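Residue strings, one per chain:
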Amino acid sequence: MKALSSIYTWADERLGLDDLLHFAQKKRVPEHAHSAWYYWGGISLFFFLVQAITGVLLLIYYRPGPDAFESTRQITYEIHFGWLIRSAHSWAANLMIAAIFVHMFSVFFMKAYRKPREFGWWSGMVLLLVTMVFGFSGYLLPMNELAFFATKVGLDIPNSLPVIGHKIATLVRGGPEVNEFTVQRFFALHVVVLPALFIPLLGFHLWLVQKHGNAVPPAEEAKPPAQRKSIPFFPNFMMKDLAMWLIALNVLALLASMFPWDLGAPADSLKPAPTGIHPEWYFMSSFQVLKLFGQWFPGAAGEALGMILFTLGLVMWFLIPLYDPSGKSGQRARWATYFGLFALSILLVTTIWAYAALN
Amino acid sequence: MSKTVSQSPGQESPPDTDVATRRAFVWAALGAAGVCYAGAIGYPVYRYLASPVERAEAESAVTEVTLKDAQKLPLGSVLMFKFGPRPSMLIHHQDGSWVALSAVCTHLGCTVQYQPARNVIHCACHGGEYDPVTGKNISGPPPRPLTRYVAKVTDTGVVVSRT
Ligand code: HEM
Ligand code: FES
C-alpha cells in the first residue's frame, strides 16, 4: 500500500492527477425520472471499444480481396476461438447501432439538442451515419452469399439517381459488378478511413458532453433549482456507468457464444439470389420506403422520389436544433415531440412492414 | 454501499472494524470477479493469437517427409524443402552420396546455401560456413553443426527422416 501511494504521489506531481480527481468529483450528473437514458451514450461507446479490439484481432487473420471468404472460413473453423471473436464483432456491431439509436431518440425527446448543445447533436448524427457505413462495409467483408447480394442491392440504390447515380455506384463498387475489388476497397474504408473519421469525431462529441454537462429534460428544467437533484460524476455516476458496461459485456458474451454468427455459403454471382434476401435490420426501413415508392410510381422515378423524401426527412432531423423554438424559451415545444414520435413510428412501421413482406 | 451496519446482538466488535472488514470483503470479491473476467477474456484471446504457433508445433512433430521424384536430382546439386516448418536441404554429392541437413544457420537462424563450386555450405548473414557432408560448423560465428537427417533413396523419391 505504501509503495502504491508513493508511486501515485510521484505520478501526481508530474501529471496533476489530484486536480483531475477533484474535477471529476465536482462534476455532477442530474438525477430525475429519466436519468436511465443517460447511460446509452456510454453503452454505445463501450460497443465501439469492443469493435476496435475485436476488429484488430480479426485483422490478424483476415485477408481481403480474392481470399476474403477463405480467410473468414479459416477464422471461423480453424483458428482457436476465431468463431467467438467474429461472432462478438458481428453482434457488437448490431448492438452498437441499436444503442446509438436509443441514445439519439432519448436525446431528441429530452430536447438535449437545444442551445448550447447543437454541435453535440450534429456530431452525434454524423457518428451514427459513419457507424452505419461501418456496418455496410463490414457486412461485405466475409464475401458470403448474403453479403454479396445485400451489397449488390444496396449499391443499386444510387443507380436510380439521374446522371451521377450510375457513376457513383460504379466507383464505389470498383466496376460494374461486386467482386474482389469491391471487398478490397470496402476493407480500406472499414479499417482505415472510417476509424480515422470516427475517432476524432468521437473525441469532439465527448469533449462537448464534458463541456456542457448532461442536459435535463424540459420537465426538470421547469422545477426550481432547489428541487433538482444530482449525483457526483465520480465515483457515483462512473460506478453506475461501469455497471452498465458490465451488463453490456455479459449480454454480448451470451449472444456471441450462444448464437455464433453464421458464415454461410461463398458468394457466387452465377447462383440465383436466395429468396428473402434483405439488408441488415438498420437499413430495412429505408429499403422498404424505396420499395414502396418503386411500387407506387413507375420506373426509376419512384425510387428517386423515395430517396429524395428520405433525404429531406434526414436533413430536417439533422437541423432540428435550428428551428425548435423552445431553444430560447425553455418551454416544451409540442410539435418537436410529435415530429420525433412521427419519425420513430415511421421507422418502426416500415421496418416491421419490410420484415413482414419477406415471407 | 451503505455505511450503516446492523449489529446483531452479542456482537462485540465496534462498528468501525465491522465496516472495515465488510469493505475489505467487498474489495476482495470485486477483485476475484475481475480476475475471472480477465481470464474469461484473456484465455480465448491468447489461444486465438497462438493458433499459428500451435499449428507450427504440430507440424514440427513430423518425423518423416517424402520428396517425390527427388531421386532424379543431378550430381552436385541441392534441393531445398521444408521438414515440417523448417527449411532444409537435400544435397546429391559428386560421389553419389545423399545428405539431408537442416538449412537453418545455428548462429542467428538465416537460411544457408550450398555452394557446389566451393563445396561448402555458406551463410550470407555473417559468413558462417559448414561442411556439406557432416554439417559440421567449420568457420565463422556458428556455434553448432547443422542438424542432420537420414536420407533414403527409393524408386519414386527420397524419404527424409529424423535420426
Ligand atoms: C476500429 C474499428 C474496426 C476494425 C479494425 C474492424 C475490422 C474488421 C475486419 C478485419 C472484419 C473482417 C472479418 C470478418 O468478416 O469477420 C470486419 C468485419 C465486420 N465489421 Fe468491423 N471493424 C471495426 C469497426 C466496426 C464497427 C464500428 C462496425 C459496426 C458498427 C463494424 C461492423 C462489422 C461487420 C458487420 C463485419 C462483418 C462480420 C462478419 O460477418 O464476419 N466494424 N471488421
Ligand atoms: S546467421 Fe548464419 S552466420 Fe550469422
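Residues numbered from 1 in each chain as written. Chains lettered and ligands numbered in written order. Predicted model: local features only at pLDDT ≥ 70, side-chain atom pairs only at ≥ 80, totals over all residues. Heavy atoms only, no water.

Asks: What exactly am I supposed to notice about the overall build of chain B here?
Replies: Within chain B one finds one helix and ten strands. Relative to its length of 163 residues, chain B is extended, with a C-alpha radius of gyration of 31 Å against a globular reference of 15 Å. Dimensions of chain B along its principal axes, counting C-alpha atoms only, are 100 × 35 × 20 Å. The buried share of chain B, reckoned over its 163 residues, is 31%. If you take every contact in chain B between residues at least 6 apart in sequence, the share linking residues at least 24 apart comes to 38%. By element, 61% of the accessible surface of chain B is carried by carbon and sulfur atoms, the whole surface being about 10000 Å². Distance between charge centres in chain B, computed from 15 positive and 12 negative side chains, equals 4 Å. (Helix = DSSP H or I, 4+ residues; strand = E, 2+ residues; numbered from the N terminus. Rg over C-alpha atoms; globule rule 2.2 N^0.38 Å. Buried < 20%, exposed > 50% of the residue type's maximum accessible area, 1.4 Å probe, protein only. Contact = heavy atoms within 4.5 Å. Areas by Shrake-Rupley, 256 points an atom, 1.4 Å probe, with all protein chains shown as cover. Lys, Arg positive; Asp, Glu negative; His and termini not counted. Charge placed at Lys NZ, Arg CZ, Asp CG, Glu CD.)

Asks: I keep staring at the coordination of the iron atom of ligand 1 and nothing clicks. Help me out?
Replies: As a benchmark, a tetrahedral metal site with four donors has ideal angles of 109.5 degrees, while an octahedral site with six donors has ideal angles of 90 or 180 degrees. Residues and elements named next belong to chain A. Within the first shell, the iron atom of ligand 1 binds the protein through His-89 (NE2) and His-190 (NE2), at distances of 2.0 Å. Relative to the metal, the six donor atoms surrounding the iron atom of ligand 1 lie at angles of 87 to 179 degrees, and the coordination shape comes out octahedral. Here His-89, found in helix H5 (residues 82-109), pairs with His-190, found in helix H9 (residues 180-212); they are 101 residues apart in sequence, far enough to count as distant. Of the residues examined, His-89 reaches a relative accessible area of 15% and is grouped as buried. You can call His-190 buried: its relative accessible area is 12%. (Donors = N, O, S within 2.8 Å, 3.2 Å for Na, K, Ca; no water. Tetrahedral: all angles 85-135°; square planar, octahedral: opposite > 155°, others 65-115°.)

Asks: What exactly am I supposed to notice about the domain arrangement of chain B here?
Replies: Interfaces are frequently sized by the accessible area removed from exposure as the parts join. Once the domains are mapped, chain B shows domain 1 (18-61) and domain 2 (64-161). For domain 1 of chain B and domain 2 of chain B, the distance between their C-alpha centroids amounts to 44 Å. (Domains from an automatic or database assignment.)

Asks: Sorry, what's going on with the interface of chain A and chain B here?
Replies: Each partner contributes to the interface: chain A provides 15 residues, whereas chain B provides twelve residues. Taking both partners together, chain A and chain B bury about 1100 Å²; carbon and sulfur atoms supply 68% of that area. The largest share of the area that chain A buries against chain B comes from Tyr61(A), His80(A) and Phe81(A), three residues that together contribute 47% of it. The tally of links from chain A across to chain B stands at one salt bridge. Elements with a contribution of two residues or more to the side of chain A that touches chain B: helix H3 (39-59), H5 and helix H11 (233-258) of chain A. (Buried area = accessible area lost by both parts, 1.4 Å probe. Salt bridge = Lys/Arg side-chain N within 4 Å of Asp/Glu carboxyl O.)

Asks: Got a minute to help me understand the state of the cysteines in this structure?
Replies: Each disulfide consists of a covalent bond between the sulfur atoms of two cysteine residues. Residues and elements named next belong to chain B. Evaluation of the coordinates by the stated rule reveals one disulfide over all chains. In this model Cys-110 forms its disulfide with Cys-125; the gap between the sulfur atoms is 1.8 Å. Across the S-S bond of Cys-110 and Cys-125 the torsion is about -95 degrees, and the bridge reads as left-handed. In this pair, Cys-110 sits in the loop between strand E4 (98-102) and strand E5 (113-115) while Cys-125 sits in the loop between strand E6 (120-122) and strand E7 (129-130), placing the two residues 15 residues apart along the sequence. (Disulfide = S-S within 2.5 Å.)

Asks: Could you clarify how one ought to interpret the packing of helix H6 (residues 118-140) of chain A against helix H7 (residues 145-156) of chain A in this entry?
Replies: What describes two packed helices is the angle between their axes and the distance between those same axes. Residues and elements named next belong to chain A. Two elements in contact, H6 and H7, have axes whose closest approach is 8 Å; the angle formed by their N-to-C orientations is 135 degrees. One element, H6, and the other, H7, form an angle in the oblique class. For the pair H6 and H7, contact is made by Phe-136, Tyr-139 and Leu-140 and by Leu-146, Ala-147, Phe-148, Ala-150, Thr-151, Gly-154 and Leu-155, respectively. By residue class, the composition of the contact of H6 with H7 is eight nonpolar, two polar and no charged. (Axes fitted to C-alpha atoms, helices over the stretch in contact; angles between N-to-C directions. Parallel < 35°, antiparallel > 145°, perpendicular 65-115°, else oblique. Nonpolar A, V, L, I, M, F, W, Y, C, P; charged D, E, K, R; others polar.)

Asks: I keep staring at unusual backbone geometry and nothing clicks. Help me out?
Replies: Negative phi characterises most residues that are not glycine, and trans characterises most peptide bonds. All names here are of chain A. Across the junction of Lys-115 and Pro-116, the peptide omega takes the value 5 degrees, indicating a cis bond. The residue Pro-116 is located in the loop between H5 and H6 in this model. Between Phe-234 and the following residue, Pro-235, the backbone shows a cis peptide bond with an omega angle of 0 degrees. Counting through the fold element by element, Pro-235 comes out in helix H11. We note that Phe-81 has phi near 60 degrees; this positive angle belongs to a residue other than glycine.

Asks: Would you take a moment to explain the sheet that holds E6(B) for this structure?
Replies: In a beta sheet, neighbouring strands pair by backbone hydrogen bonds and run either parallel or antiparallel. Residues and elements named next belong to chain B. Reading across the sheet, the four strands line up as E5-E6-E7-E8 and stay open at both edges, with antiparallel pairing between neighbours. The open sheet has two free edges, formed respectively by E5 and strand E8 (137-139), since each of these has just one partner strand. Relative to E8, E7 runs antiparallel, the two being bridged by two bridges. Residue pairing across strands places Tyr-130 opposite Asn-137, the latter belonging to E8. (Pairing = 2+ DSSP bridges.)

Asks: Can you help me understand helix H13 (residues 299-318) of chain A in this one?
Replies: Structural remark: α-helix, 3.6 residues per turn; residues separated by three or four positions point the same way. All names here are of chain A. Taking 1.5 Å of rise per residue, 20 residues should cover 28 Å, and H13 covers 30 Å from first to last C-alpha, within 8% of that figure. Looking only at H13, the buried set comprises Gly-302, Ala-304, Gly-306, Met-307 and Trp-317. Where H13 is buried, its residues touch H5, H6, helix H12 (281-296), helix H14 (320-323) and helix H16 (334-358). (Expected span 1.5 Å × (residues − 1).)

Asks: Explain the pairing of strand E2 (residues 77-83) of chain B here, please?
Replies: Regular strands have side chains that alternate between both faces of the sheet. Residues and elements named next belong to chain B. Where E2 and strand E3 (residues 86-92) come together, seven bridges link them in antiparallel fashion. Residue Phe-83 lies in a different strand from E3, and its bridge partner there is Arg-86. As consecutive antiparallel partners, E2 and E3 are separated by two residues, and within that stretch Gly-84 has a phi angle of approximately 65 degrees, a positive value.

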